[in-house]
Amino acid sequence: MPAPSDIQNVVDGRAAPAAGGERFEKRRPADGSLLCTVARSGAADVAAAVAAAGRAQPAWAARTPVERGEVVREIALALRARREEAAAIVSEETGKSMELALGEADAAVEMGFFVAGEGRRLYGRTTTSAMPNRTVTATRRPVGVAALIVSFNTPLPNYAWKAFPAVFCGNAAVLKPSEHTPASALFFGELCHEAGLPAGVLNVVQGFGSEAGPPLVESPDVDLVSFTGSAATGRWINERAGGRLAKVCLELGGKNALVVCDDADLDRAVDWSLASAFSNAGQRCAAASRLVVFDTVYEEFRDRLVAGARAYETGPVISERSLDRILALLDGARVATGGERLDRAGWWLAPTVVEDVPAGDNLSSNELFGPVTILYRVRDLEEAIALVNDSPYGLTSAIHTASLHRAMHFAETVQAGVVVVNGGTHGSEPHMGFGGVKQSGTGWREAGVEALDVYTDWKYVNLIADPAKA
Ligand code: NAD
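This one's a predicted model, so the numbers in the text were calculated from it and none came from an experiment.

1. Concerning the sheet that holds strand β4 (residues 23–27)
The 3 strands are arranged β1-β5-β4 in an open sheet whose pairing can be described as mixed. Each of the sheet's edge strands pairs with one partner strand only, and the pair in question is β1 (6–7) and β4. Sheet analysis places β1 next to strand β5 (residues 34–39), joined by 2 bridges and oriented parallel. Directly across from Asp6, in β5, lies its bridge partner Thr37.

If you want it as structure tokens, here you go:
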């Protein structure tokens, strides 16, 4: 079934237009044609969604974790049953291939199954006390109403990574998807209700970040803001939500490096570099946007990489604005291949390899979020590690080497939340925590049982068994 031509919010389990009746146009990145109109939400819509979440949360939190996990499992099963439909919507609104979109639908399903299993594993702790006759239990409690604000790049996993643990933990939520992916967000919100999530537990507010975002972040009735997006937006959210002492979880950008040593298997290193740099048109927080190559193999690696980049089939970037921004940043750079718009409708940038960029340059330190990677030449591992760590970000990293010692030394010293040896810079699986250091985040980890720390607070209960002895 194609996405509806007019995309609305989901508030209290029902589709709702923006209160002011305003809409904006969403275009297909693959050819620039009109896909749909979308509710252009503002403060009144956010207030209605937050109020619905506040009303729904206590009864939802009163259900047992096992019951809440069962609902998440039903949602995951429903998504699996409709994976083709979900992927078709994502493919249309982002321009990515069906193959990629199907993989993302499956990743979202797997996240649902993982979170659902936590229903029978939501372990707390018990401990003794310095005082006799006393036992202390620590249990996880929901935070309350959660704002879930996400990026456009992998919409279904982005919703799943936040919404599944958030509602499983007994919170109610307001999901603010990217303005670039409204159709998948509506699909996801409606699917959750059809699969048994009570009305109001997950609300969806469409709209521009600058209009629908601030009232959500600043609402005194939102207890937790969980954000995935750029460092610039994250910094603003941290200031505003942190200023009113809300709990804030930020998963931000990366300028991820892949190191190729002189003992690397070059065929594999090239293949992983191409996939890491250019899959999803480079619009991955974990994209390898810096390739750090030992001097002795530099030319050979570059030639093979450039040949691979020329043959690489990538998708369009998400918007004309994004394409123009990347092209402007590339202006004046020494481009080994790519660097130009493809001659077709839509927002296509040729896979691009850049050379001779100084480490402190704008291009070296800013995340481009497109199919662009920079090649650096280094003498040895120490120089490589120093270059990799000379970045404001620290999300993922990779090294290609046959040496266990080099791999372990890199893993020890690289400033990143994820290290991969002899593979790509990639994200996470549902049971693994994911997140970065420095400006890639504020120390939280999503996915895995680590996500439970984002969506719960610990409560400590002191039990005195025999008051006469206390
Ligand atoms: P963005 O920061 O422009 O937008 C992210 C979300 O925030 C969108 O929903 C947007 O509408 C909203 N938003 C914008 N301004 C806001 C405001 N003032 N208040 C509240 N919400 C606001 O980022 P993007 O372009 O959608 O995504 C790309 C970024 O996301 C990259 O930096 C990428 O690395 C990052 N990302 C990180 C991870 C991770 O897990 N670390 C995963 C995916 C993407």
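2. Remarks on helix α6 (residues 182–194)
With 13 residues, α6 should cover 18 Å at 1.5 Å per step; its first-to-last C-alpha distance of 18 Å lies within 8% of that length. Most of α6 is tucked away, with 11 of its 13 residues classed as buried. Of all the residues in α6, the buried ones are Pro182, Ala183, Ser184, Ala185, Leu186, Phe187, Phe188, Gly189, Leu191, Cys192 and His193. With its phi angle positive at about 120 degrees, Gly196 sits one or two positions after the end of α6.

3. A short note on the site of the ligand
Neighbouring the ligand are 29 residues, the closest being Val150, Glu179, Ser230, Leu252 and Glu367. Lys176 places a polar side-chain atom, nitrogen or oxygen, 2.9 Å from an oxygen atom of the ligand. With respect to the ligand, the backbone of Pro177 contributes an N or O atom lying 3.4 Å from an oxygen atom. Within the complex, 87% of the 850 Å² of free accessible area of the ligand lies under protein. Counting residues per element, the ones that place at least two in the shell around the ligand are α7 (209–218), β11 (224–228) and α8 (231–243). Looking at the shell around the ligand, the element that brings in the most residues is α7, giving 4 residues. Along the lines of polarity and charge, the residues of the shell around the ligand split into 14 nonpolar, 11 polar and 4 charged. Counting residues domain by domain, the shell around the ligand receives three or more from each of domain 1 (6–252 + 441–459) and domain 2 (256–421).

4. Quick word on the domain arrangement of the protein
Along its sequence, the protein is organised into domain 1 (6–252 + 441–459) and domain 2 (256–421). Placing a centre on the C-alpha atoms of domain 1 and another on those of domain 2 gives a separation of 31 Å. Domain 1 puts 19 residues into the contact, and the matching count from domain 2 is 17 residues. Buried area between domain 1 and domain 2, summed over both chains or domains, comes out near 1300 Å², and the portion from carbon and sulfur atoms is 65%. Together, Pro29, Phe152 and Asn153 form the three largest contributors to the area buried by domain 1 at its contact with domain 2, with a combined 34%. The interface formed by domain 1 and domain 2 holds 0 salt bridges in total. Linking domain 1 to domain 2 there are 5 residue pairs in polar contact (both at pLDDT 80 or more).

Reading the values: rules and limits
Residues numbered from 1 in each chain as written. Predicted model: local features only at pLDDT ≥ 70, side-chain atom pairs only at ≥ 80, totals over all residues. Heavy atoms only, no water. Pairing = 2+ DSSP bridges. Helix = DSSP H or I, 4+ residues; strand = E, 2+ residues; numbered from the N terminus. Expected span 1.5 Å × (residues − 1). Buried < 20%, exposed > 50% of the residue type's maximum accessible area, 1.4 Å probe, protein only. Near = heavy atom within 4 Å. Polar contact = N/O pair within 3.5 Å; in protein donor to acceptor, adjacent residues only side chain to side chain. Areas by Shrake-Rupley, 256 points an atom, 1.4 Å probe, with all protein chains shown as cover. Nonpolar A, V, L, I, M, F, W, Y, C, P; charged D, E, K, R; others polar. Domains from an automatic or database assignment. Contact = heavy atoms within 4.5 Å. Buried area = accessible area lost by both parts, 1.4 Å probe. Salt bridge = Lys/Arg side-chain N within 4 Å of Asp/Glu carboxyl O.

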